[in-house]
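Breakdown of the fold
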Amino acid sequence: MGLYVHWPFCLAKCPYCDFNSHVSDSIDQQRWRDAYLQSLDYYATLMPGREIGSIFFGGGTPSLMPPETVAAIIDRIQKNWKISNDVEITLEANPTSVEAGKFRGFRDAGINRVSLGVQALNNDDLKFLGRKHDVQDAIKAIDIARENFGRFSFDLIYARPNQNLSAWEQELEKAVTLSDGHLSLYQLTIERGTPFFLDYSRGVFSIPDEDVAADFYNVTQDVLEAHGLPAYEVSNHAREGNESRHNLVYWHYDDYIGIGPGAHGRVTLNGLKNATRDHRAPEIWLERVEKEGHGGHPFEPIEPSDRMTEALMMGLRLRGGVEVAKLETESGQALGNVIDLQKLQKLRDEKLMETDSDRLRLTREGMLRLNAVVPYLLKAGQ
């Protein structure tokens, strides 16, 4: 089982970001620490005896948390559950000097992997993306991460305005030299409700069209595969053994607890899988935890057909695909009862999907159409 801790605060809101993140002038650190510990205790009473294989501090900007808070949370998790011997404990951070300066404290608190939000290795694009660091800051933070943690990763965003394929290829080559065996590479998307959405709608900037974006994706695959970092998931690349174990929990549709404002989870109780969702607004979440011991909305049981859909949607993101047995277990039915096998064959004929006796997987071309594949495959009523 995985465990996700959401820290909702940032120093500034990036113009492309639609995550549940907030800028606050004043944060009562002790109050927030106590709330996380109460939330953990609440889940421990519901789910005793489970084993935690991964912990992920996400946000927001969790590297703005005091290392003492991170240490207290990890300690409480260890007291409430069994922890696997090779537990992966990841913390997201930005490459600012303030955050990088705290890396040793996070290491001592129990963090053994960091994920850095570099986003670009080009100063003009970093400024456009609203980042508070420059390329030199990023390289320095990567060096500090290498010194303090056994494993680290960093993110880049591609298909940026005015970016060309040659420049992106050079940026990828630089990223490979800096990496430690894992890179997360995301296409820039314009999300409704963000400052970028308004600027994009007004024509302030443009981004590559769908065909050019596909070219960016294919260049990404070619360069990273040539360097031994193939995509194990649609946006994540790693050398064998360096995959993010926590994110694999999501993609394998295993159980995970989510605590913190807006955090989601999937937990099995009494043989029934439930969707969990904590209240999104930070102050309301905090007040609810203090009053009720947790900040969540009522659990929502997930029907078998929905479980199968979720497992299919998550599993097809993986290069290795999804097991047929997993889909049939979640749905309680044979695959042909919920998936249109004629459409499945059509995807095979068009070289968008590969199948064998026990697994479905998308090809590289199929990955470009990932969002359309699942609704296409499902039979009416599923």
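Below, the structure is looked at part by part. These numbers come from a predicted model, not from an experiment.

Moving on: the overall build of the chain. Within the chain one finds 17 helices and 17 strands. Taking 2.2 N^0.38 as the reference for a compact globule, 382 residues should give roughly 21 Å; the C-alpha atoms of the chain span a radius of gyration of 21 Å, in line with that estimate. Taking the principal axes of the C-alpha coordinates as reference, the chain spans close to 60 × 55 × 45 Å. Expressed as a percentage of the 382 residues in the chain, the buried residues total 54%. Across the chain, every contact between residues at least 6 apart in sequence was considered, and the portion connecting residues at least 24 apart equals 71%. In the structure as shown, the chain presents an accessible area of about 17,200 Å², 47% of it carried by carbon and sulfur atoms. Each charge class in the chain can be summarised by its mean position, and for the 42 positive and 56 negative side chains these summaries are 2 Å apart.

A word on the environment of T276. Relative to the helices and strands, T276 resides in strand β13 (residues 272-277). Taking the C-alpha atoms as reference points, T276 and I257, 19 residues apart in sequence, are found 8.0 Å from one another. Sequence-distant contacts of T276, defined by excluding residues within four places in its chain, comprise Y43, A263, H264, G265, R266, V267 and F299.

This part takes up the packing of aromatic side chains. Following the criterion strictly, the structure yields 20 aromatic pairs and no others. The interplanar angle of 70 degrees and the centroid separation of 5.7 Å between the aromatic rings of F103 and F149 together place this pair among those described as edge-to-face. With F103 in helix α4 (residues 103-109) and F149 in the loop between α6 (135-148) and β7 (151-158), the pair connects residues that are 46 residues apart, well separated along the chain. The exposure class of F149 is buried, given its relative accessible area of 5%. Pairing Y250 with Y256 gives two aromatic rings, centres 4.6 Å apart and planes at 65 degrees, and the pair type is edge-to-face.

Looking now at the side chain of E88. Mapped onto the fold, E88 is located in strand β5 (residues 82-93). Engagement of the side chain of E88 in a polar contact is seen with the backbone nitrogen of H246, the distance being 2.9 Å. Look past the residues within four positions of E88 in its chain and what remains in contact with it is G53, S54, I55, N112, R113, R151, E243, S244, R245 and H246.

This part takes up helix α15 (residues 341-349). Structurally, the start of α15 carries an N-cap: the backbone nitrogen of Q342 is 3.0 Å from a side-chain oxygen of D340. Looking one or two residues past α15, K351 carries a phi angle of roughly 60 degrees, positive in sign.

What follows concerns the nonpolar core. Across soluble globular proteins, nonpolar side chains have a tendency to be buried as a group. Core analysis: the largest hydrophobic core is formed by 106 residues, its most contacted members being F57, W81, I111, F154, L312, L316 and L360. For F154, the contacting residues outside a window of four places in its chain are L116, V118, I142, A175, L178, S179, H182, L183 and S184.

Time to look at the packing of helix α7 (residues 165-178) against helix α9 (residues 210-226). Running from N to C, α7 and α9 point in directions that differ by 35 degrees, and their axes come no closer than 10 Å. The element α7 and its partner α9 pack so that their crossing is right-handed. Contact residues: α7 offers L165, W168, E169, L172, E173 and V176, while α9 offers D215, F216, V219, T220, V223 and L224. Looking at the contact of α7 with α9 residue by residue, the classes come out as 8 nonpolar, 1 polar and 3 charged.

With that settled, consider the state of the cysteines. Under the criterion given, the structure shown has 0 disulfides. You can see C10 has no disulfide; the closest cysteine sulfur is in C17, sitting 6.5 Å from it. We note that C14 lacks a disulfide partner, and the nearest cysteine sulfur, in C17, lies 6.3 Å from it. We classify C14 as buried; its relative accessible area is 11%.

The tally for this structure, following the rule as stated, stands at 23 salt bridges. The salt bridge involving D75 is made with K79; its shortest N-O contact spans 3.2 Å. With D75 and K79 both in helix α2 (residues 67-80) and 4 residues apart, the pair spans about one turn of that helix. Judged by its relative accessible area of 33%, D75 falls in the partly exposed class. Between R369 and E365 there is a salt bridge, with the nearest N and O atoms lying 3.4 Å from each other. A relative accessible area of 40% means that R369 is categorised as partly exposed. Owing to a relative accessible area of 35%, E365 belongs among the partly exposed residues under this scheme.

The rules behind each value
Residues numbered from 1 in each chain as written. Predicted model: local features only at pLDDT ≥ 70, side-chain atom pairs only at ≥ 80, totals over all residues. Heavy atoms only, no water. Helix = DSSP H or I, 4+ residues; strand = E, 2+ residues; numbered from the N terminus. Rg over C-alpha atoms; globule rule 2.2 N^0.38 Å. Buried < 20%, exposed > 50% of the residue type's maximum accessible area, 1.4 Å probe, protein only. Contact = heavy atoms within 4.5 Å. Areas by Shrake-Rupley, 256 points an atom, 1.4 Å probe, with all protein chains shown as cover. Lys, Arg positive; Asp, Glu negative; His and termini not counted. Charge placed at Lys NZ, Arg CZ, Asp CG, Glu CD. Phe/Tyr/Trp six-rings, centres within 6.5 Å; stacked < 30°, edge-to-face > 60°. Polar contact = N/O pair within 3.5 Å; in protein donor to acceptor, adjacent residues only side chain to side chain. Core = buried A, V, L, I, M, F, W, Y, C linked by side-chain atoms within 4.5 Å. Axes fitted to C-alpha atoms, helices over the stretch in contact; angles between N-to-C directions. Left-handed = near helix turned anticlockwise from the far one by under 90°. Nonpolar A, V, L, I, M, F, W, Y, C, P; charged D, E, K, R; others polar. Disulfide = S-S within 2.5 Å. Salt bridge = Lys/Arg side-chain N within 4 Å of Asp/Glu carboxyl O.

Any functional reading would require information that these geometric values do not contain.
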